[in-house]
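Below, each chain spelled out in residue letters.
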Amino acid sequence: MDLSSVRRAYKFYAPIYDLVFGRIVEEGRRRAVSVFPQKPGDRILEIGVGNGRALRYYDPHVEVTGIDVSPEMLNVARGRFLNQRFPQVKALLQMDAQALEFPDDSFDGAVAMYVASVVPDPEAMIREMFRVCRPGSPIVVVNHFASRNGVARRVERGFAPFSRRLGFRPDFRLDDFVRLVGCEPRKITRVNVGGYWKLLEFTGWEKPAAPGDNGGGAHAPGNNGASAAFNNGNGRTPPPGFESNGR
Ligand SMILES: C[S@@+](CC[C@H](N)C(=O)[O-])C[C@H]1O[C@@H](n2cnc3c(N)ncnc32)[C@H](O)[C@@H]1O
């Protein structure tokens, strides 16, 4: 998978997305959003916001920023936003999840729904999610992870060579993902049809005291620190409205 194949796949999916990936995984969207405390003014980042299906689940008093690399998916999200007038939506921006243009600690939580097995470099995505969030704030990932055995496992393996065409990796493993994140999720819940998808909640995590103290890792308290690097500062210019770290 690379960014151009992601864009190509989601240009194809945009007009039919709700039919194919709509209701079937809706429970996961609703439950992912419900993890956030959603206090008035809370700033939540939705990674890979797609056509904006989940926007309706946020409290009207929070500030949601959605980013996506697919202009066609974002166009549908913007139409939805204009038609349904969601007051909670602060911005819908075309941006790469692997190189976010926000300063450190810009958000009170972040969520990626059905994106981890689509994004070309999931480690870069998760590192960026932790970087732009306040330490300890909820980071939520919903995704399908490879089945361990049985017919499903064989079917997923069979589809794996077609990832670029499909627009996602059907054989993405949970243990590989957790290793990339560098800390165990506080909670894992099975969601959607037959619990085939998983909702991971990372909360109570810490940022390192100083860059380079243990390889620059952010980690959950008690974690052994074997973590992906969560750099402080990426040297990029933030989009308008995100110049300061806020609170
Ligand atoms: C399966 S869709 C999920 C959309 C939405 N989250 C939902 O619940 O329906 C995956 C989305 O991730 C986006 N995406 C993939 N790689 C990305 C990246 N590097 N940066 C931002 N968005 C990305 C795709 O464009 C697509 O809209």
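Each chain has its residues counted from 1, following the order in which its sequence is written. Selection of residues for local features in this predicted model requires a pLDDT of at least 70, selection of side-chain atom pairs for listing and counting requires 80 or more, and totals for whole chains, interfaces and linings are taken over all residues. Excluding hydrogens and water, the side-chain values take into account all heavy atoms of the structure.

A.B. asks: Explain the site of the ligand to me, please; I cannot follow it from the model alone.
C.D. replies: Every one of the 22 residues lining the ligand counts as a neighbour, but Tyr17, Gly48, Asp68, Asp96 and Ala97 are closest to it. What qualifies as a polar contact is a pair of N or O atoms within 3.5 Å, subject to a donor-acceptor requirement within protein and to the restriction that residues adjacent in sequence count only when both atoms come from side chains. A distance of 2.8 Å separates a nitrogen atom of the ligand from a polar atom in the side chain of aspartate 96. All accessible areas in this document rest on Shrake-Rupley with a 1.4 Å probe, and a residue is counted as covered only by the protein chains that are shown. Surface burial for the ligand is 98%, taken as the share of its 600 Å² of free accessible area covered by protein chains. In this description a helix means any DSSP run of H or I spanning at least four residues, a strand means any run of E spanning at least two, and both kinds are numbered starting from the N terminus. Of all the elements in the fold, those that place two or more residues in the shell around the ligand are helix H1 (3–13) and strand S2 (63–68). Top contributing element to the shell around the ligand by residue count: H1, with three residues. Proximity is defined per residue: if any heavy atom of the residue lies within 4 Å of a molecule or strand, that residue is considered near it.

A.B. asks: Help me understand the pattern of salt bridges, please; the structure alone is not making it clear to me.
C.D. replies: If charged atoms from side chains of opposite charge come close, those side chains can pair. We count a salt bridge whenever a side-chain nitrogen from Lys or Arg sits within 4 Å of a carboxyl oxygen from Asp or Glu. Summed over the entire model, instances satisfying the criterion amount to 15 salt bridges. With its nearest N and O atoms 2.7 Å apart, the salt bridge here joins arginine 173 to aspartate 175. To sort residues, take the accessible area from a 1.4 Å probe on protein chains only and compare it with the maximum for the residue type: under 20% means buried, over 50% means exposed, and anything in between is partly exposed. Assessed through its relative accessible area of 31%, aspartate 175 is described here as partly exposed. Beyond isolated ion pairs, a larger network of salt bridges with shared partners links Asp18, Glu26, Arg29, Arg53 and Arg80.

A.B. asks: Can you walk me through the environment of valine 89 in this structure?
C.D. replies: As for its position among the elements, valine 89 is in strand S3 (residues 89–94). Using a relative accessible area of 10% as the deciding quantity, one classes valine 89 as buried. Along the primary structure valine 89 and valine 64 are separated by 25 residues, whereas in three dimensions their C-alpha atoms are 4.8 Å apart. By definition in these notes, contact holds between two residues if any of their heavy atoms fall within 4.5 Å. If near-sequence neighbours (up to four positions away) are discounted, valine 89 is found in contact with Leu55, Val64 and Phe81.

A.B. asks: Hey, could you run me through the sheet that holds strand S1 (residues 43–47) in this one?
C.D. replies: Picture the strands of a sheet paired through backbone hydrogen bonds; they go either parallel or antiparallel. Strand pairing requires that DSSP identify at least two bridges connecting the strands. Spatially, S3-S2-S1-S4-S5-S7-S6 is the arrangement adopted by the seven strands of the open sheet, whose pairing is mixed. Each end of this open sheet is capped by a strand with a single partner; those strands are S3 and strand S6 (187–191). Shown here is a sheet whose adjacent strand axes are inclined to one another by a mean of 15°, direction ignored. The pairing of strand S5 (residues 139–144) with strand S7 (residues 197–202) spans six bridges and is antiparallel. Across the sheet, residue histidine 144 finds its bridge partner in S7, namely tryptophan 197. Under this scheme, a helix contributes an axis fitted over its contacting stretch, all axes are lines through C-alpha atoms, and angles between N-to-C directions fall in the 0 to 180 degree range. The sheet strands contacting helix H5 (residues 122–132) are S1, strand S4 (110–113), S5 and S7, and the helix crosses S5 at an angle near 160°.

None of this, on its own, says anything about what the molecule does.
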